[in-house]
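Here is what each chain is made of, one letter per residue.
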Amino acid sequence: MAGVGSAVRRLYLSVYNWVVFFGWAQVLYYAILTLLQSGHEGVYDAVERPLQFAQTAAVMEILHGLVGLVRSPISATLPQIGSRLFLTWGILWSFPETHSNVLVTSLVISWSITEIIRYSFFGMKETFGFAPSWLLWLRYSTFMVLYPTGISSEVGLIYLALPYMKASEKYCLRMPNKWNFSYDYMYTSILALAIYIPGSPHMFGYMLSQRKKALSKAKTA
């Protein structure tokens, strides 16, 4: 019975990883095609649907960790997915004024290359039981360039959206109201920016330690 459960788990994770992989491959394809044909201003409109699908699907990874399907620590998974969802829905979808900025292109390309490598790596491991050494190296090395470009784009887009948050008062709750409570989305976004200051170096250090562990393990295998 345990063998059946293990097979079902591997089948599910294989399908999940490859489906999301193809989602991110679409994002990268449409981003580069649009960038070459009409410039960075149209990139967001070209990738919006696959981007929303692929990034929102990552919520399942939190559930995978909670129920023990994967060994990834929730403490590392949750903030990364949370910040990505905040950018996808709380910034890009909510404030169309940001769409034509070049930072959208750098964000989308950084995210999509990272995730194409990551999901193909886990897809190979779940489907075939192994991943080629070159894919292992890419999985644990490309973040050294793509993480800084991605994080810089995230921070820049949040900052650019702040004036539009203030002007529109979207997602804000003003007094007086029946709950006797006020809320300002702009200040939440400023808090998010502040969290990036200690959070980004911490996450980068964590990924460096994971790289060292994974590559040294591969050498001794």
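Going by what an unreviewed UniProt entry lists, the protein is known as Very-long-chain (3R)-3-hydroxyacyl-CoA dehydratase and is assigned to Digitaria exilis. Recorded in UniProt for the protein, the comment headed Pathway (unreviewed entry) runs: "Lipid metabolism; fatty acid biosynthesis." Turning to the protein, the UniProt annotation filed under Catalytic activity (unreviewed entry) states: "a very-long-chain (3R)-3-hydroxyacyl-CoA = a very-long-chain (2E)-enoyl-CoA + H2O".

K.L.:
Is there a simple way to explain the overall build of the protein in this structure?
P.N.:
Within the protein one finds eight helices and zero strands. Relative to a compact globule of 221 residues, whose C-alpha radius of gyration would be 17 Å, the protein shows 19 Å and is just as compact. When the backbone C-alpha atoms are referred to their principal axes, the protein occupies close to 60 × 45 × 30 Å. For the protein, contacts bridging at least 24 residues in sequence account for 73% of all contacts bridging at least 6. Summed over its atoms, the accessible surface of the protein is roughly 12,400 Å², and 69% of this surface lies on carbon and sulfur atoms. Charged side chains of the protein number 17 positive and 10 negative; the gap between the two group centres comes to 16 Å.

K.L.:
Any chance you could explain the nonpolar core here in plain terms?
P.N.:
One recurring pattern in soluble globular proteins is that nonpolar side chains are buried together. Of all hydrophobic cores here, the largest spans 42 residues; its most connected members are Trp24, Leu51, Leu87, Ile91 and Met165. Sorting the residues of this core by element identifies α1 (2–38), α2 (43–56), α4 (74–93), α5 (102–128), α7 (143–168) and α8 (185–220) as the ones contributing at least two each. Examining the composition of this core, we find that eight residues originate from one element, α7, more than from any other. Once residues lying within four places of it in the same chain are set aside, the contact partners of Met165 are Ile91, Phe95, Ile158, Lys170, Tyr185, Met186 and Ser189. With eight residues, the next largest nonpolar core counts Phe121, Leu135, Leu136 and Tyr140 among its residues.

K.L.:
What is the right way to look at α4 in this model?
P.N.:
For an α-helix the count is 3.6 residues per turn, leaving residues at separations of three or four pointing the same way. Largest kink in α4: about 30°, centred on Phe86. Turning to α4, its buried residues are Ala76, Thr77, Ile81, Ser83, Arg84, Phe86, Leu87, Thr88, Gly90, Ile91 and Leu92.

K.L.:
Where do I start with the pattern of salt bridges in this structure?
P.N.:
Should the charged atoms of two oppositely charged side chains come close, the side chains can pair. Here the structure, examined in full by the defined rule, presents six salt bridges. Across the salt bridge formed by Arg118 and Glu61, the nearest N and O atoms sit 3.1 Å from each other. Taken together, the residues span a long stretch of sequence, with Arg118 in helix α5 and Glu61 in helix α3 (residues 59–67) at a distance of 57 residues. Since its relative accessible area comes to 16%, Arg118 is described here as buried. On the accessibility criterion, Glu61 (13% relative accessible area) is buried.

K.L.:
Mind showing me how you'd approach the packing of α5 against α7 here?
P.N.:
What describes two packed helices is the angle between their axes and the distance between those same axes. Remark: α5 packs on α7, axes separated minimally by 8 Å, with the N-to-C direction vectors making an angle of 140°. By the angle between their axes, α5 is oblique relative to α7. Between α5 and α7 the crossing geometry is left-handed. Where α5 abuts α7, its residues Leu103, Val104, Ser106, Leu107, Ser110, Trp111, Ile113 and Thr114 lie against Leu146, Thr149, Gly150, Ser153, Glu154, Gly156, Leu157 and Leu160. Considering only residue class, the contact of α5 with α7 consists of eight nonpolar, seven polar and one charged.

K.L.:
In this structure, what is going on with the packing of aromatic side chains? I would like to understand it.
P.N.:
Any aromatic ring pair is given by two values, namely how distant the centres are and how the planes are angled relative to each other. For the structure shown, the criterion picks out 14 aromatic pairs. For the ring pair Tyr12 and Tyr16, a centre distance of 6.4 Å and an interplane angle of 25° mean the geometry is stacked. Of this pair, Tyr12 and Tyr16 both sit in helix α1, four residues apart, roughly one helical turn. Judged by relative accessible area, which is 31%, Tyr12 ranks as partly exposed. Their ring planes at 70° and their centres at 5.0 Å tell us that Tyr171 and Tyr185 sit as a pair that is edge-to-face. One end of the pair, Tyr171, is in the loop between α7 and α8; the other, Tyr185, is in helix α8, with 14 residues separating them in the sequence. You can call Tyr171 partly exposed: its relative accessible area is 39%. Look at Tyr185 and you get buried, because its relative accessible area is 9%.

Reading the values: rules and limits
- Residues numbered from 1 in each chain as written.
- Predicted model: local features only at pLDDT ≥ 70, side-chain atom pairs only at ≥ 80, totals over all residues.
- Heavy atoms only, no water.
- UniProt positions renumbered as here; feature names shortened; annotations may be inferred.
- Helix = DSSP H or I, 4+ residues; strand = E, 2+ residues; numbered from the N terminus.
- Rg over C-alpha atoms; globule rule 2.2 N^0.38 Å.
- Contact = heavy atoms within 4.5 Å.
- Areas by Shrake-Rupley, 256 points an atom, 1.4 Å probe, with all protein chains shown as cover.
- Lys, Arg positive; Asp, Glu negative; His and termini not counted.
- Charge placed at Lys NZ, Arg CZ, Asp CG, Glu CD.
- Core = buried A, V, L, I, M, F, W, Y, C linked by side-chain atoms within 4.5 Å.
- Buried < 20%, exposed > 50% of the residue type's maximum accessible area, 1.4 Å probe, protein only.
- Bend = angle between axes of the 7 residues up to and from the residue.
- Salt bridge = Lys/Arg side-chain N within 4 Å of Asp/Glu carboxyl O.
- Axes fitted to C-alpha atoms, helices over the stretch in contact; angles between N-to-C directions.
- Parallel < 35°, antiparallel > 145°, perpendicular 65-115°, else oblique.
- Left-handed = near helix turned anticlockwise from the far one by under 90°.
- Nonpolar A, V, L, I, M, F, W, Y, C, P; charged D, E, K, R; others polar.
- Phe/Tyr/Trp six-rings, centres within 6.5 Å; stacked < 30°, edge-to-face > 60°.

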